[in-house]
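# Observations on the three-dimensional arrangement
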Amino acid sequence: MSATLPPFQSFLDENREAVWRFLYVSVGPAEADDCFQETFIAALRAYPKLRSDSNLRAWVLAIAHNKAIDAHRGRSRRPVPVAEPGELEKTSSPGPGAPRDEELWEAVYELPERQCSAVVLRFVGDLAHSEIAMAIGCSEDAARRSLHEGLTKLRKAVPA
Amino acid sequence: MSTVDSHEMDSIARALRGGGSADASEPGQTRANAARAAARLAEQADSEDLLDIAYAPVDSPFGTLMAAATGRGLVRLTFPEEHTDAVLERLAARVSPRILEAPRRLDPVRRELDEYFTGTRRAFEIPIDWALVGTFARRVLGAAAAIPYGNVLTYTQVAGKAGSPRGSRAAGNALGSNPIPIVVPCHRVLRLGGALGGYAGGLDRKRWLLELEGALRA
């Protein structure tokens, strides 16, 4: 029996939490929802042409990552809306935890694109090196190298 | 390949992982937010013409039915015991995988079925998409669809109207695999002499529908 793509609803149900978490972490609470909609609309557009043996989670996280890059680019072109801590809690009630390290995230999105992708997909998307390679279209070794280079730069840019 | 690189353990990696996203450690919150965002997707997909098949549950006296519609019309209606996952997988393979639960798009179907089940509607006006039906079955089901409310025909008569007078058995098979029961009224086809014959949804339901329509005495 030849494999076929699952109905989009099943794909959405299986991946929506991973994508939401990914975007919440990578772009922040204010823009996560818009990016989420854009991610799955883009996925839906491309879906029928996808190979049925594709790694769907890696595929959709790569799309989400592209939306996150767009969001960060858009943000750098306009003044950063700094939410009051209290306001943030009201809208998305993140609960207790460390504040979002904006400085670090800015540095992440200033990395060369492949390094940025490798870092974000590895640590936020929790993808394996082989999946990162698939998502950004390079060899596994290259993905590993990009990840290493990206982290090295971040360590210099944002001293712990 | 699962060697943990030493640098993955450092503070930057940790900050990125959970970093600043307090609710990444709050699974309930993530689940609720993701579910809410996903539920909004169908409407945008519809407005961008990306929703090839919309489906939704529909309440009925038989229990919860599942209705699925394309842009052309109602393509599938299932009885409660049919497995929605399996039905949707077949729709994905045969029509399109762009399938989302979208109750709004099924509003007219829900309304007409409600009216039918309460006895205030005698004919369905919702358009039908015959995408799941082959050529011969299309003729047979077309003949069944032309039987007026409260009337019945025999299998042989329906086969004749479908252009194959000696094909009553084939006609029976086509009726038995009707993807849109109730709305395409295959229940109005009986054996010669009035025996019920068969029904994919079970003979009790066939009898119930015919009694509702006054074609059989309760």
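Below is a summary of the structure that appears in this document. (Residues numbered from 1 in each chain as written. Chains lettered and ligands numbered in written order. Predicted model: local features only at pLDDT ≥ 70, side-chain atom pairs only at ≥ 80, totals over all residues.)

## Quick word on the overall build of chain B
Basically, it comes down to this: The secondary structure listing takes helices from DSSP runs of H or I that are at least 4 residues long and strands from runs of E that are at least 2 residues long, numbered from the N terminus. The globule rule used for comparison is 2.2 Å times the number of residues to the exponent 0.38, while the radius of gyration itself is calculated over C-alpha atoms. Every C-beta atom is placed from the backbone, and the number of other C-beta atoms within 10 Å of a residue's own sets its class: buried at 20 or more, exposed at 12 or fewer, partly exposed in between.
Counting its secondary structure elements, chain B contains eight helices and six strands. N-terminal to C-terminal, the α/β element order of chain B is α-α-β-β-β-α-β-α-α-β-α-α-β-α. The C-alpha radius of gyration computed for chain B amounts to 24 Å, which surpasses the reference 17 Å derived for 218 residues by more than 25%, pointing to a less compact arrangement than a globule. With the C-alpha coordinates of chain B rotated into their principal frame, the extents come out at 80 × 40 × 30 Å. Within chain B, buried positions represent 38% of all 218 residues.

## Some details on the pairing of strand β2 (residues 63–69) of chain B
Residues and elements named next belong to chain B. For the record, the criterion: One requirement defines pairing of two strands: DSSP has to find at least two bridges between them.
Across the seven residues of β2, five count as buried, placing the element largely inside the fold. Linking strand β1 (residues 53–60) back to β2 in an antiparallel pair, the connection comprises two residues. With four bridges joining them, β2 and strand β3 (residues 74–78) adopt antiparallel strand pairing. Following the sheet pairing, Ala 69 is matched in β3 by Leu 74. Following β2, the chain reverses through four residues before pairing antiparallel with β3; Gly 73 in that reversal takes a positive phi of roughly 160°.

## Examining the packing of helix α7 (residues 129–136) of chain A against helix α8 (residues 140–157) of chain A
Pairs of packed helices are described in terms of their axes, by the angle between the two and the distance that separates them. Residues and elements named next belong to chain A. For clarity, the cut-off: To obtain an axis, a line is fitted to C-alpha atoms, over the contacting stretch when the element is a helix, and the angle between two such axes runs from 0 to 180 degrees between their N-to-C directions. For this classification, under 35 degrees means roughly parallel, over 145 means roughly antiparallel, 65 to 115 means roughly perpendicular, and everything else is oblique. Residues are treated as contacting if the C-beta atoms built from their backbones sit within 7 Å of each other. Three classes are used, and their members are as follows: Ala, Val, Leu, Ile, Met, Phe, Trp, Tyr, Cys and Pro are nonpolar, Asp, Glu, Lys and Arg are charged, and the others, Gly among them, are polar.
Between α7 and α8, the shortest axis-to-axis distance is 8 Å and the interhelical angle comes to 100°. Of the possible angle classes, the one that applies to α7 and α8 is roughly perpendicular. Across the interface between the two elements, His 129, Ser 130, Ile 132, Ala 133 and Ile 136 of α7 pack against Glu 140, Ala 142, Ala 143 and Arg 144 of α8. Classifying every residue of the contact of α7 with α8 by side-chain character gives five nonpolar, two polar and two charged.

## Comments concerning helix α3 (residues 84–94) of chain B
Residue and element names in this part refer to chain B. The line we're drawing: When we speak of the arc, we mean the arc of directions from the helix axis to the C-beta atoms.
Where α3 is concerned, the buried positions are Leu 88, Leu 91 and Ala 92. Here the buried residues of α3 occupy an arc of 100° about the axis, which is enough to place them on one side. What points out from α3, more than 90 degrees from its buried face, is the exposed set Ala 86 and Arg 94. Residues of α3 that are buried in the fold lie against β1, β2, β3 and β4 (99–101).

## Re the sheet that holds β4(B)
All names here are of chain B. Spatially, four strands are ordered β3-β2-β1-β4 in an open sheet, and the strand pairing comes out mixed. Of all strands in the sheet, those with a lone pairing partner are β3 and β4, marking the two edges. Strand-to-strand twist in this sheet, taken as the mean axis angle between neighbours without regard to direction, amounts to 25°. Summarising the sheet, β1 and β2 pair through seven bridges and their orientation is antiparallel. Looking across to β2, one finds that Asp 59 is bridged to Thr 64. Along the sheet, helix α4 (residues 107–117) makes contact with β1, β2 and β3, crossing β1 at roughly 25°.

## Let's talk about the nonpolar core
Stated precisely, the cut-off is as follows: For this entry, the nonpolar core is defined as buried Ala, Val, Leu, Ile, Met, Phe, Trp, Tyr and Cys residues connected by C-beta atoms within 7 Å.
The biggest cluster of nonpolar side chains holds 98 residues, and the ones touching the most others in it are Leu23(A), Val119(A), Ala54(B), Ala67(B) and Val140(B). The residues contacting Val119(A), other than those within four sequence positions of it, are Val108(A), Leu111(A), Leu147(A), Gly150(A), Leu151(A) and Leu16(B).

## Let's talk about unusual backbone geometry
Here the phi dihedral of Asp126(A) falls at roughly 60°; this positive angle occurs in a residue that is not glycine. Here Asp126(A) is to be found in the loop between α6 (113–123) and α7. Overall, Asp126(A) belongs to the partly exposed group, with 14 C-beta atoms counted inside 10 Å. Its identity is not glycine, yet Asp49(B) carries a phi of approximately 65°, on the positive side.

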